[in-house]
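# Secondary and tertiary structure notes
In case you want the letters, here they are:
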Amino acid sequence: MKALNTLLAALATVTTGAFAATPAAPAAPDLAKGQATAQMCAACHTVDGSRGSPANPILAGQHPEYLVKQLQEFKSGKRKNAVMAGFAAGLSDEDMRNVAAFYASKTAKPGAAKDKELAALGERIHRGGISDRNIPACAGCHSPSGAGIPSQYPRVAGQHADYTEAQLLAFRSGLRGNSSQMSAIAAKMNDREIKAVSDYLAGLR
């Protein structure tokens with residue numbers, strides 16, 4: 001009986017230790033703290049991450065997992081941008097989750113395409129790709145509505161055309177190197193096709 005009690009006590013100790021070693025799940029994002037952090041982002045991204053300068057991305061309604069990934073990659077240097085690297089350097093993982101959740105909770109104001117002919121070409125590429133050059137449809141990853149897939153592919157619908165075009169050009173040139181998939185796709189696209197997709201996506205809702 002004494003041996004049995006000793007064995008049970010030992011098992012209890014091992015079990016307790018195993019549970020203690022299990023890392024705690026991250027706390028739920030704090031939107032109030034995220035809003036406070038977002039104040040330093042407002043000059044470029046506006047207070048709610050909506051329609052600021054076309055040179056900067058609209059963050060409102062973006063998937064929080066994607067925003068966290070980008071902040072982490074700015075901080076690590078995997079994604080190059082001197083301004084964003086400076087901001088991200090001072091953020092903890094918790095700060096990133098909070099500010100990403102804050103922006104994700106907002107709704108961006110709708111945008112519009114500027115060139116009807118270009119937008120029509122952009123729609124064809126978005127929906128069907130360009131088969132003779134093995135360029136896949138944007139909709140395959142970003143969905144027909146441009147809503148993206150949480151944690152995998154960003155929302156692109158309604159994004160500033162200037163920003164989308166700049167990012168596709170950066171992927172094509174190698175200036176932006178944090179997505180081998182996008183670099184390979186953009187490498188096959190000419191300037192007009194990139195501009196067309198960007199214009200179409202700006203008005204997609």
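We now turn to the structure provided with this report. (Residues numbered from 1 in each chain as written. Predicted model: local features only at pLDDT ≥ 70, side-chain atom pairs only at ≥ 80, totals over all residues. Heavy atoms only, no water.)

## Side note on the overall build of the chain
When helices and strands are tallied, the chain shows eleven helices and zero strands. Starting at the N terminus and walking to the C terminus, you meet the elements of the chain as α-α-α-α-α-α-α-α-α-α-α. For the chain, the proportion of its 205 residues judged to be buried stands at 38%. Surface summary for the chain: the accessible area is close to 11,400 Å², and the carbon and sulfur share equals 60%. (Helix = DSSP H or I, 4+ residues; strand = E, 2+ residues; numbered from the N terminus. Buried < 20%, exposed > 50% of the residue type's maximum accessible area, 1.4 Å probe, protein only. Areas by Shrake-Rupley, 256 points an atom, 1.4 Å probe, with all protein chains shown as cover.)

## Comments concerning a nonpolar patch on the surface
A cluster of nonpolar side chains, contributed by M40, V83 and F87, occupies part of the molecular surface with about 250 Å² of accessible area. If you trace the backbone, M40 turns up in the loop between α2 (31-38) and α3 (42-45). (Patch = residues over 30% accessible without salt bridge, like charges linked within 9 Å, V, L, I, M, F, W, Y side chains within 5 Å. Salt bridge = Lys/Arg side-chain N within 4 Å of Asp/Glu carboxyl O.)

## Some details on the pattern of salt bridges
For the structure on display, the rule yields seven salt bridges. Of the charged contacts in the structure, one is a salt bridge between E193 and R133, with a shortest N-O distance of 2.3 Å. In this pair, E193 sits in helix α11 (residues 191-203) while R133 sits in the loop between α7 (116-128) and α8 (139-142), placing the two residues 60 residues apart along the sequence. Residue K195 pairs with E165 through a salt bridge whose shortest N-O separation is 3.1 Å. With K195 in helix α11 and E165 in helix α9 (residues 161-173), the pair connects residues that are 30 residues apart, well separated along the chain. The buried category is assigned to E165, whose relative accessible area is 17%. Connected via shared salt-bridge partners are K69, E73 and K78.

## Structural notes on unusual backbone geometry
One non-glycine residue with positive phi stands out, namely S143, at about 75°. Inspection of the secondary structure assignment puts S143 in the loop between α8 and α9. One non-glycine residue, S151, lies in positive phi territory at about 70°. Within the secondary structure, S151 is located in the loop between α8 and α9. S151 gets classed as partly exposed once you look at its relative accessible area, which sits at 47%.

## A short note on the packing of helix α4 (residues 64-76) against helix α5 (residues 82-89)
It is the contact of α4 with α5, at a shortest axis distance of 8 Å, that shows an interaxial angle of 100°. Accordingly, the angle class assigned to the pair α4 and α5 is roughly perpendicular. In this structure, α4 contributes L71, F74 and K75 to the contact, and α5 contributes M84, A85, A88 and A89. (Axes fitted to C-alpha atoms, helices over the stretch in contact; angles between N-to-C directions. Parallel < 35°, antiparallel > 145°, perpendicular 65-115°, else oblique. Contact = heavy atoms within 4.5 Å.)

## Remarks on α7
An α-helix turns once per 3.6 residues; consequently, residues spaced three or four apart project the same way. With 13 residues, α7 ought to run about 18 Å at 1.5 Å a step, and its terminal C-alpha atoms sit 18 Å apart, in line with that. Of all the residues in α7, the buried ones are L118, A119, L121, G122, I125 and H126. End-on view of α7: buried residues confined to an arc of 160°, all on one side of the axis. Of the residues in α7, the exposed ones pointing more than 90 degrees away from the buried face are K116, E117, R124 and G128. Contact partners of the buried residues in α7: α8 and α11. (Expected span 1.5 Å × (residues − 1). Arc of directions from axis to C-beta.)

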